[in-house]
Amino acid sequence: MSVTVCSLLWDAAKHGAGSQKISYDSDGYHLVRFPYGAGDESYDPWKMHDPANGGGSPSVFPDARSGLIWPSHEGWGVLSAMVFWDADDQPNEYRARFVRDPLGPGYDSTATTDTWKTGGGQYKTYFWQIFVHPGTPLGLKISARGPGDAKVPTAITHAQFKLAIHTDVLRP
């Protein structure tokens, strides 16, 4: 079975930019951004995270388009992510969702996970599977919530977002 892979990594310590600040979109979530180019553990031979994808002018990290993976093939997509949150006493809930077309009219939240804070650090992993299509980008959106469902702008220190597309899906 053929598999195409895009693996993105952003880390505050490795990229020297400090924590990734959270700004909430109208849906109450932040689209996690990833730098362009190979390096560290990022892997993108199919150019699914190319700054030329999705617009007339090239995207520049950390603009919103730098949070997108553009599937290179039709197939069964296996999505996974990891997020490390800054220490913050305000949030009591952490949310993440995988979204089709997070910046466009086809916005489709395919999976949302809500977790309560733990006693230690907030280190979360996420997993989901969906059919993916070229021309329909995917994004990882996150949110930290406090009492009364208040959106807390707790920054993140590390994030990974991965897509593996199984291109040989058998059909009856």
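Before reading further, recall that the structure is shown in the block above.
Throughout what follows, the structure given in this document is the object of discussion. None of these values were measured; they are calculated from a predicted model.

Turning next to the overall build of the chain. When its secondary structure is counted, the chain shows one helix and ten strands. In terms of overall dimensions, the chain is globule-like: its C-alpha atoms have a radius of gyration of 16 Å, near the 16 Å expected for 172 residues. Its C-alpha atoms give the chain principal-axis dimensions of about 50 × 40 × 30 Å. Within the chain, buried positions represent 45% of all 172 residues. Total accessible area on the chain is roughly 8300 Å²; 55% of this is exposed by carbon and sulfur atoms. Here the chain holds 15 positive side-chain charges and 18 negative ones, and the gap between their average locations is 2 Å.

By secondary structure assignment, the location of Ser-23 is in the loop between α1 (12–15) and β2 (30–31). Given a relative accessible area of 41%, Ser-23 falls into the partly exposed group. When the C-alpha atoms of Ser-23 and Asp-89 are compared, they prove to be 18 Å apart, with 66 residues separating the residues in sequence. Leave out the neighbours within four places in its chain, and Ser-23 touches Tyr-29 and His-30.

Okay, the side chain of Ser-143 next. Positionally, Ser-143 belongs in strand β8 (residues 138–145). Since its relative accessible area comes to 0%, Ser-143 is described here as buried. Engagement of the side chain of Ser-143 in a polar contact is seen with the backbone oxygen of Gly-28, the distance being 3.1 Å.

This paragraph deals with the pattern of salt bridges. What the rule picks out here adds up to seven salt bridges. The partner of Asp-25 in a salt bridge is Lys-141, and the shortest N-O contact between them spans 2.9 Å. Of this pair, Asp-25 sits in the loop between α1 and β2 while Lys-141 sits in strand β8, and the two are 116 residues apart along the sequence. For the salt bridge of Arg-100 with Asp-108, the shortest nitrogen-to-oxygen distance reads 2.9 Å. Residue Asp-108 is classed as partly exposed on the basis of its relative accessible area of 31%. One salt-bridge network, in which partners are shared between bridges, spans Glu-93, Arg-95, Asp-114, Arg-145 and Asp-149.

Here we take up the nonpolar core. Side chains of a nonpolar character, in soluble globular proteins, are inclined to be buried together. Phe-98, Leu-140, Ile-142, Ile-156, Phe-161 and Leu-163 are the most contacted members of the largest nonpolar core, which totals 30 residues. Take this core: its biggest share by element is five residues, from strand β10 (residues 156–166).

Next up on the list: the packing of aromatic side chains. A complete count under the given rule lists five aromatic pairs for this structure. Taking 4.9 Å as the distance between ring centres and 55° as the angle between the ring planes, the aromatic pair formed by Trp-85 and Tyr-94 counts as tilted. The exposure class of Tyr-94 is buried, given its relative accessible area of 1%. In textbook terms, an aromatic cluster arises when at least three aromatic residues are bridged by ring pairs, as seen for Phe-34, Phe-98 and Phe-161.

For the rest of this paragraph, the subject is the side chain of Ser-19. Positionally, Ser-19 belongs in the loop between α1 and β2. The residues contacting Ser-19, other than those within four sequence positions of it, are Trp-10, Ala-12, Asp-86, Ala-155, Ile-156 and Thr-157.

In spatial order, the strands read β1-β10-β4-β7; together these four strands make up an open sheet with antiparallel pairing. Each edge of the open sheet carries a strand with a single partner, namely β1 (3–11) and β7 (123–132). With strand direction ignored, the average angle separating the axes of adjacent strands in the sheet is 10°. Across nine bridges, the pairing between β1 and β10 is antiparallel. Along β10, the bridge assignment pairs Val-3 with His-166.

Procedures and definitions
- Residues numbered from 1 in each chain as written.
- Predicted model: local features only at pLDDT ≥ 70, side-chain atom pairs only at ≥ 80, totals over all residues.
- Heavy atoms only, no water.
- Helix = DSSP H or I, 4+ residues; strand = E, 2+ residues; numbered from the N terminus.
- Rg over C-alpha atoms; globule rule 2.2 N^0.38 Å.
- Buried < 20%, exposed > 50% of the residue type's maximum accessible area, 1.4 Å probe, protein only.
- Areas by Shrake-Rupley, 256 points an atom, 1.4 Å probe, with all protein chains shown as cover.
- Lys, Arg positive; Asp, Glu negative; His and termini not counted.
- Charge placed at Lys NZ, Arg CZ, Asp CG, Glu CD.
- Contact = heavy atoms within 4.5 Å.
- Polar contact = N/O pair within 3.5 Å; in protein donor to acceptor, adjacent residues only side chain to side chain.
- Salt bridge = Lys/Arg side-chain N within 4 Å of Asp/Glu carboxyl O.
- Core = buried A, V, L, I, M, F, W, Y, C linked by side-chain atoms within 4.5 Å.
- Phe/Tyr/Trp six-rings, centres within 6.5 Å; stacked < 30°, edge-to-face > 60°.
- Pairing = 2+ DSSP bridges.
- Axes fitted to C-alpha atoms, helices over the stretch in contact; angles between N-to-C directions.

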